[in-house]
Every structure is written in structure tokens, then in C-alpha cells.
Amino acid sequence: MSAMTRRIVIGTAAISMAVSLAACGKAGDDAESGSGGDSKTIGLLLPENKTTRYETFDRPIMEAKIKELCDDCEVKYNNAAQDTETQKKQFDALVTQGVKVIILDSVDYKATKSWVQQAEKKGVKVVAYDRLAEGPISAYVSYDNEKIGRLQGEGLVKALGAKAKESNVVMINGSPTDPNAPLFKKGAHSVLDTQVKKVVYEQDIPDWSSDEANKKMGAAIDSLGKSGFQGVYSANDGMAGGIITALAKQGVKVPVGGQDAELAGLQRILKGDQSFTIYKQIKPEAETTAEVAVRLLKGEKIDDLTPVKVDSLTGEFKGIPAKLYDAQVVTKENIASTIIADKVYKATEICTAEYKAACEAAGIK
């Protein structure tokens, strides 16, 4: 939810896996029921590869944790590259292959209702990861996304400083098909609507596209004038990159926030182009999801891993077992004590030649 290009590996799910009669550490229920399901395989479907986190962190962390908890389990992985129909085919293929647990990070949460309902009829359990999909989900692991929006709003207000109450703000929101985007927006509005003068321009950006964010920021400048706004809310770091490029082109310098603690975003923060990002610890989220999936595969309880209950965004599906993690604002001042301390990125990765002086100024060695 990027300026960095990563090598994407998406062919794994095409590999055919042998059907087994034994579950991880226990006799396979599928064999007893005669369904012939694959009781040693977990499906993993991620939504896109524009945001660097998915291939760099989420996928490898989950795969490693699943292997640690169940050494003879396999993971069938696919990335939908932001295409709903592609993800539906990937999901349906897993169900057809007899996979009994699917971790799903949906491209379009509204589209998943019928998929999950059909899967449930075949005894397939779906764990919603990061984004809450519609349908009879077995578990959901993510963050308190409305709270993240509030943190973003608070981060921008702090960056505006004493002038916040007199400041007009532009809001560039996330993708309408991502269920987290309206929660980020709602949380941000709850702060900005009372602590800045006015939100003077607001757009939702399909697919979290940095190019589209760049265009909308250009349109905002044309509409409002260079002095018609004093800060920009960006729902994530990828779009913040496009926004900052548009601002620089017009010679405008105002506070811009983001989210995801992407490498490029952190570098922009150190350079002074971006004011803050939101750091969400991906490792606990990904590892909890992996453990939930393995327990569901084994037929074990997950109550201790999912202590809260949530309802789907439409309200149709209620009481979904969930775990929601907290996040925090990261600025130039605390990159070292958060991102580097948690080994998300090494100082050497952040402090390349272009950013060496900025790192030294921030006390990052």
C-alpha cells in the first residue's frame, strides 16, 4: 500500500503438490470424511506487488513460520497483482485442489463474499490477512485501522505545528476496493476535521497508484493554487512518493505524511521531503496469521490467538475471531529506535550515498 522495484516470484502456486492422508502431526480428517482434501497445504494469496512489503516481508515471514510450526506443511502461494479476477481464479484453484486453509489478503473485499461462502460449503477455512474480506471468515489478523488513520491525522497536525488550526489540507486516500482505506480515512478525518481549518481537496486513489496520486496532487495544485493548502495527507508511502514529486515540480514544500515505513519513504523522511510514516510491525501480524492457519489445519482452537471479535464492513458477517495490532508514527527522530532497532531495515540499506549526510544528521550510523 512503490518507489522500490523488487523481483516478484509468483510461480510457486502452479506447482502441483501430492495429496496426503495425514495432517500436520495428526490423522487427516479429510481422509476420514472422504473429501480427498489436501491436509498438509496452506494457501497464501496476497493482493499486489506495488507495495514493497508483501514480497519483502509478509510472504517470507509467513512461509518461515508455517514451516517452523509444521515442518511437513507446504505453502501454495500466489500474488494477484491487483487484479480481482486473477485472485478469484487463484482462490478457486486452491479450493479445487483440496486445500483446506487459505490465507487471503483480498484485492477487492466486496468480491470475496461468494468465494468464501462456496469454500465454506466444502470445508475450507479462510483466514483474512491485513484486509477483512467479506464472507464467513474463520479468523482475521490485522491492525486497528481506524486508529492508524487517527495516528496519521495526528502526525500531520504535529507536522503543521502552531499553524495547524489555520491550515488547509489535501487528502489523498487509498483504494476504494481495500476495506482498510475507508477506516484510515475515517480515523484521519476524526482528527483533521477538528484540528485543521479545512480539508479543501480529497480523492480516493484506485489500486493505491503512486502515478494516479501524482496526477491528483497536480490537479489539486491547479485548483487551489500553490498557497491554497498547507499540508497533505497521503494514505501510504507509495502514493506519498508520487505526491511529493508533484509538489516539487511546482516548487511547493508542505508537510506530507504516509504509511507502511517503506524504504523509499524512510529515505524521504531523512531527506526532509516527507514528514512521517506509520510503522506497522509486520512480523507479529504475519506470524500470528501463520499460527492461526496451522492450528485451523490441525483442527485446534485459536481462541488465545484471536482475543477480539469484529464484524465485516457490511455488517452481514458478525463475531469474526480477530487479532488487531497497534502501530506507531515514525519520524526522523525515531527511525533508529524503531525501524533499525527492530531490524526491518539495516542502517546500511537506508543510508545509501545519497542519504549518508541526512542519516548522520539524524544520528543514524
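Everything below is about the structure printed above this text.
Residues numbered from 1 in each chain as written. Predicted model: local features only at pLDDT ≥ 70, side-chain atom pairs only at ≥ 80, totals over all residues. Heavy atoms only, no water.

Undergrad: What should I look at first to understand the state of the cysteines in this one?
TA: Put plainly, a disulfide is one covalent bond tying together the sulfur atoms of two cysteines. For the structure shown, the criterion picks out two disulfides. The residue that forms a disulfide with Cys351 is Cys359, at a sulfur-sulfur distance of 2.0 Å. Since a negative S-S torsion denotes a left-handed disulfide, the Cys351-Cys359 link at about -95 degrees is left-handed. Exposure remark for Cys351: the relative accessible area of 16% places this residue in the buried category. (Disulfide = S-S within 2.5 Å. Buried < 20%, exposed > 50% of the residue type's maximum accessible area, 1.4 Å probe, protein only.)

Undergrad: Just checking my understanding: could you explain the sheet that holds strand E8 (residues 168-173) for this structure?
TA: Sheet strands pair via backbone hydrogen bonds, and the direction of the pair is either parallel or antiparallel. With parallel pairing, three strands are arranged side by side in an open sheet as E9-E8-E10. Both outer strands of the open sheet, strand E9 (198-204) and strand E10 (231-234), are each paired with one neighbouring strand and no more. On average, each strand axis in the sheet is inclined to that of its neighbour by 15 degrees, with strand direction left out of account. Direction of pairing for E8 relative to E9: parallel, over a ladder of six bridges. (Pairing = 2+ DSSP bridges. Helix = DSSP H or I, 4+ residues; strand = E, 2+ residues; numbered from the N terminus. Axes fitted to C-alpha atoms, helices over the stretch in contact; angles between N-to-C directions.)

Undergrad: What is the right way to look at the packing of aromatic side chains in this model?
TA: How two aromatic rings sit relative to each other is set out by the distance from centre to centre and by the angle between their planes. Here the structure, examined in full by the defined rule, presents three aromatic pairs. Centroid distance Phe184 to Trp208: 6.4 Å. Interplanar angle 65 degrees. Geometry classified as edge-to-face. In this pair, Phe184 sits in helix H6 (residues 180-195) while Trp208 sits in the loop between E9 and helix H7 (210-224), placing the two residues 24 residues apart along the sequence. Looking at Phe184, the relative accessible area reads 0%, which means it is buried. Judged by relative accessible area, which is 4%, Trp208 ranks as buried. (Phe/Tyr/Trp six-rings, centres within 6.5 Å; stacked < 30°, edge-to-face > 60°.)

Undergrad: I would appreciate a short explanation of the packing of H7 against helix H8 (residues 237-249) in the present structure.
TA: The axes of two packed helices give the description: the angle between them and the distance between them. Contact pair H7 / H8: the axes reach a minimum separation of 7 Å and the direction vectors enclose 40 degrees. Of the possible angle classes, the one that applies to H7 and H8 is oblique. The way H7 lies across H8 gives a crossing that is right-handed. Where H7 abuts H8, its residues Ser210, Ala213, Asn214, Met217, Gly218 and Ile221 lie against Gly238, Met239, Gly242, Ile243, Thr245, Ala246 and Leu247. Split into classes, the residues belonging to the contact of H7 with H8 amount to seven nonpolar, six polar and no charged. (Parallel < 35°, antiparallel > 145°, perpendicular 65-115°, else oblique. Left-handed = near helix turned anticlockwise from the far one by under 90°. Contact = heavy atoms within 4.5 Å. Nonpolar A, V, L, I, M, F, W, Y, C, P; charged D, E, K, R; others polar.)

Undergrad: Teacher, can you tell me more about the pattern of salt bridges here?
TA: In a structure, side chains of opposite charge can pair up when their charged atoms sit close to one another. In this structure the tally under the stated criterion is 20 salt bridges. One salt bridge in this structure joins Glu63 and Arg59, with 3.1 Å as the shortest N-O distance. Of this pair, Glu63 and Arg59 both sit in helix H2 (residues 53-69), four residues apart, which is roughly one turn of the helix. Residue Glu63 is classed as partly exposed on the basis of its relative accessible area of 24%. Residue classification places Arg59 among the buried positions, given a relative accessible area of 10%. Members of the salt-bridge network, linked through shared partners, are Arg53, Asp58, Asp130 and Glu285. (Salt bridge = Lys/Arg side-chain N within 4 Å of Asp/Glu carboxyl O.)

Undergrad: Even after reading the chapter, I still don't get H8, so can you show me in this structure?
TA: One full turn of an α-helix is made of 3.6 residues, so residues set three or four places apart face in the same direction. Here H8 contains 13 residues, and its C-alpha end-to-end distance of 18 Å stays within 8% of the 18 Å for a straight helix at 1.5 Å per residue. Regarding H8, the residues found buried are Asp237, Gly238, Met239, Ala240, Gly241, Gly242, Ile243, Ile244, Ala246 and Leu247. You can read the cap of H8 off the contacts: a side-chain oxygen lies 3.4 Å from the backbone nitrogen of Gly238, and it is on Asn236. Positive phi shows up at Gly251, right after H8, with a value of about 70 degrees. (Expected span 1.5 Å × (residues − 1). Polar contact = N/O pair within 3.5 Å; in protein donor to acceptor, adjacent residues only side chain to side chain.)

Undergrad: Please clarify how helix H4 (residues 113-121) should be interpreted in this entry.
TA: Residues of H4 that are buried: Trp115, Val116 and Ala119. Summarising the axial view, the buried residues of H4 lie within an arc of 90 degrees, below the 170-degree limit, and thus occupy one face. Structurally, H4 contributes buried residues whose contacts are with helix H3 (84-96) and strand E6 (125-129). (Arc of directions from axis to C-beta.)

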